[in-house]
Amino acid sequence: MNDIQKNRMKQIRRESRENYLEALLMLQRKRDEVRSSDLASFMGFSRASVSQAILAMERDGFVSVDEKYCLHMTDAGRNIAEKTQRKHSFLKKIF
């Protein structure tokens with residue numbers, strides 16, 4: 001894989017992470033407890049795909065999972081989610 005392809009893959013992973021975190025933020029504003037299955041249903045993804053994404057975000061310090069399997073964003077995760085939501089709101093207004 002060349003450098004251009006590597007950079008594109010990083011960008012795709014970053015955008016995916018942003019979308020997951022934004023969706024988690026939206027769900028957490030509606031519910032006290034959010035699990036991976038809730039996120040999968042909300043986003044229309046398989047539970048397996050969401051589980052893999054959650055594991056990666058947990059490893060990278062953006063989310064944590066408690067003993068009841070509820071998802072919680074770290075401060076870093078919440079900052080990304082809120083920034084992404086503002087960006088998407090802005091884009092919706094101009095388009």
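Anyway, here's the lowdown on the structure attached to this text.

Criteria and cut-off values
Residues numbered from 1 in each chain as written. Predicted model: local features only at pLDDT ≥ 70, side-chain atom pairs only at ≥ 80, totals over all residues. Heavy atoms only, no water. Salt bridge = Lys/Arg side-chain N within 4 Å of Asp/Glu carboxyl O. Helix = DSSP H or I, 4+ residues; strand = E, 2+ residues; numbered from the N terminus. Axes fitted to C-alpha atoms, helices over the stretch in contact; angles between N-to-C directions. Parallel < 35°, antiparallel > 145°, perpendicular 65-115°, else oblique. Contact = heavy atoms within 4.5 Å. Nonpolar A, V, L, I, M, F, W, Y, C, P; charged D, E, K, R; others polar. Patch = residues over 30% accessible without salt bridge, like charges linked within 9 Å, V, L, I, M, F, W, Y side chains within 5 Å. Areas by Shrake-Rupley, 256 points an atom, 1.4 Å probe, with all protein chains shown as cover. Expected span 1.5 Å × (residues − 1). Buried < 20%, exposed > 50% of the residue type's maximum accessible area, 1.4 Å probe, protein only. Arc of directions from axis to C-beta.

A word on the pattern of salt bridges. Counted under the stated rule, the structure contains 6 salt bridges. Note that Arg31 is salt-bridged to Asp38, the shortest N-O span being 3.2 Å. Of the charged contacts in the structure, one is a salt bridge between Lys68 and Glu33, with a shortest N-O distance of 2.5 Å. Taken together, the residues span a long stretch of sequence, with Lys68 in the loop between strand 1 (63-65) and strand 2 (71-73) and Glu33 in the loop between helix 1 (3-30) and helix 2 (36-43) at a distance of 35 residues. Through salt bridges with shared partners, a single network forms among Arg14, Glu18 and Lys87.

Now for the packing of helix 1 against helix 3 (residues 47-59). Two numbers describe how helix 1 lies on helix 3: the axes approach to 11 Å, and their chain directions differ by 100 degrees. On the basis of the axis angle, helix 1 is roughly perpendicular to helix 3. Of the residues in helix 3, those touching helix 1 at Arg17, Tyr20 and Leu21 are Ser49, Val50, Ala53 and Met57. The residue inventory of the contact of helix 1 with helix 3, partitioned by class, reads 5 nonpolar, 1 polar and 1 charged.

Together, Met1, Met9 and Ile12 make up an exposed nonpolar region whose accessible area comes to about 300 Å². Its location among the elements puts Ile12 in helix 1.

With that settled, the discussion passes to helix 3. Helix length check: helix 3, at 13 residues, gives a terminal C-alpha distance of 18 Å against a target of 18 Å (1.5 Å per residue), a fit within 8%. What helix 3 keeps buried is the set Val50, Ala53, Ile54 and Met57. All buried residues of helix 3 fall inside an arc of 100 degrees around its axis, so they share one side. What points out from helix 3, more than 90 degrees from its buried face, is the exposed set Ala48, Gln52 and Arg59. One or two positions beyond helix 3, positive phi appears at Gly61, with a value near 85 degrees.

Keep in mind these values describe shape, not function.
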